[in-house]
Amino acid sequence: MPHDHDDLTPPGVPHKHPFQEDHPEPQTYHQLLGVALHEVLIEKGVYTMDEMRARMERIEGVSSETHGARIVARAWLDDDFKAKLIDNAFAAIKLADMDPGYAEITVLENTPSTHNVVVCTLCSCYPRSLLGRPPAWYKSKSYRARVVREPREVLAEFGTPIPDNQDVTVHDSTAELRYIVLPMRPAGTEGWSEDQLATLVSRDSMIGVARASDPE
Amino acid sequence: MNTRFSDGDTVRISHRDDERHHRVPAYVKGHHGTIVRVCAPQVQPEMSAYHKPGEPMRTVYRVRLDQNDLWSDYTGRKSDTVEIEIFEHWLESVNHAP
């Protein structure tokens, strides 16, 4: 599969190197005020990152109906499917009658000893076929530069502190592979159906910046 | 297709520039890593980005690097890693002279 980003060279510029403006960081007074207010409300416990994430995903039309959440829920229920998924995700997703979209889709399993998180430091490669449109922060220069250099700090800012006895592996998606993280199944979900489990799988948990949500 | 490296090999990511579009971020150039997976061959982005065929295709590898080797001021665990996809023509053997 050829590399799939568009030719982004501005019109009139000789075709030399693909070109893409970065998303600007918050700079104006009101943008900074918004960031500060958000941080204070989280700190004071007015709402949690999980609640905000759920609201944003609803606004952006991401739901538990995405292929990714279903794949994760099925892997939690079916060890055989999980083993196939980790061995060859393309084949396993095809067998489950879903469209993997990319030949080398790779599933990264979170375990008590390793937490996985995905980034594309060079641009914004993302498994759209399974997760829909990438969130704006995934494409920001700040996330791309920082998550490879200080992943634990970035994850803590997402509301996902990593314990000292767990490794962090950052997956930089620089060529033709695409990744989704298989988060750990939350406790207290014994006997849940695939549909029920899928509701706990946020987009962010499949990028690796969050855990799967706990049952209410 | 013959592949130059196998799982477990130690490699060095080439420390060179290429003014064409290429898929090797600066922060890994010149660093050593370990092959953790041999992936399918792909067309070369140095050519395909300019609508040229990009052939011959080159094998892509998943390479694991130590965070503490990449960043001298890294504050996480010793065993934290980065895994990244690198094309074969950006990898050098360190087991024996290429």
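Residues numbered from 1 in each chain as written. Chains lettered and ligands numbered in written order. Predicted model: local features only at pLDDT ≥ 70, side-chain atom pairs only at ≥ 80, totals over all residues. Heavy atoms only, no water.

Enquirer: Mind showing me how you'd approach the overall build of chain B here?
Expert: Across its full length, chain B carries 2 helices and 5 strands. Counting helices and strands in the order they occur from the N terminus, chain B gives β-β-α-β-α-β-β. In chain B, the proportion of contacts linking residues at least 24 apart, taken out of those at least 6 apart, comes to 62%. When the accessible area of chain B is evaluated, it comes to approximately 4900 Å², of which 47% is carbon and sulfur surface. (Helix = DSSP H or I, 4+ residues; strand = E, 2+ residues; numbered from the N terminus. Contact = heavy atoms within 4.5 Å. Areas by Shrake-Rupley, 256 points an atom, 1.4 Å probe, with all protein chains shown as cover.)

Enquirer: Looking at this structure, I do not really get the overall build of chain A. What am I missing?
Expert: Across its full length, chain A carries 11 helices and 4 strands. For chain A, the residues scored as buried account for 44% of the 216 residues in total. Here the contacts in chain A between residues at least 6 apart in sequence split such that 66% fall between residues at least 24 apart. Carbon and sulfur atoms form 54% of the exposed surface of chain A, whose accessible area is close to 11200 Å². (Buried < 20%, exposed > 50% of the residue type's maximum accessible area, 1.4 Å probe, protein only.)

Enquirer: Any chance you could explain the nonpolar core here in plain terms?
Expert: In a soluble, globular protein the nonpolar side chains are often hidden away together inside. The biggest cluster of nonpolar side chains holds 70 residues, and the ones touching the most others in it are Leu-85 and Tyr-143 of chain A together with Val-28, Val-63, Ile-86 and Leu-91 of chain B. No other element matches helix H3 (residues 67-77) of chain A, which puts 6 residues into this core. Excluding residues that lie within four positions of it along the chain, Leu-85 of chain A makes contacts with Ile-71, Ala-75, Ala-92, Ile-93 and Val-107 of chain A. (Core = buried A, V, L, I, M, F, W, Y, C linked by side-chain atoms within 4.5 Å.)

Enquirer: Would you mind going over H3 of chain A with me for this structure?
Expert: Two residues of an α-helix separated by three or four positions point the same way, owing to the 3.6 residues in each turn. All names here are of chain A. By the criterion of burial, H3 is predominantly enclosed, with 8 of the 11 residues buried. Along H3, the positions that sit buried rather than exposed are Gly-68, Ala-69, Arg-70, Ile-71, Val-72, Ala-73, Ala-75 and Trp-76. Along its buried surface, H3 packs onto helix H4 (79-87), helix H5 (89-95), helix H6 (128-131), strand S4 (178-182), helix H10 (194-198) and helix H11 (203-207).

Enquirer: Before we go on, may I ask you to explain the interface of chain B and chain A in this structure?
Expert: On the side of chain A, 36 residues touch chain B, which itself brings 33 residues to the contact. Counting each side, the surface lost to burial between chain B and chain A is near 2800 Å², with a carbon and sulfur contribution of 44%. On the chain B side of the contact with chain A, Arg-23, Arg-77 and Glu-85 of chain B bury the most area, a combined 24% of that side's loss. Taken together, the links from chain B to chain A amount to 3 salt bridges. Breaking the side of chain B that touches chain A down by element, the ones donating at least two residues are strand S2 (32-42), strand S3 (58-66) and strand S4 (81-87) of chain B. Examining the composition of the side of chain B that touches chain A, we find that 6 residues originate from one element, S4 of chain B, more than from any other. (Buried area = accessible area lost by both parts, 1.4 Å probe. Salt bridge = Lys/Arg side-chain N within 4 Å of Asp/Glu carboxyl O.)

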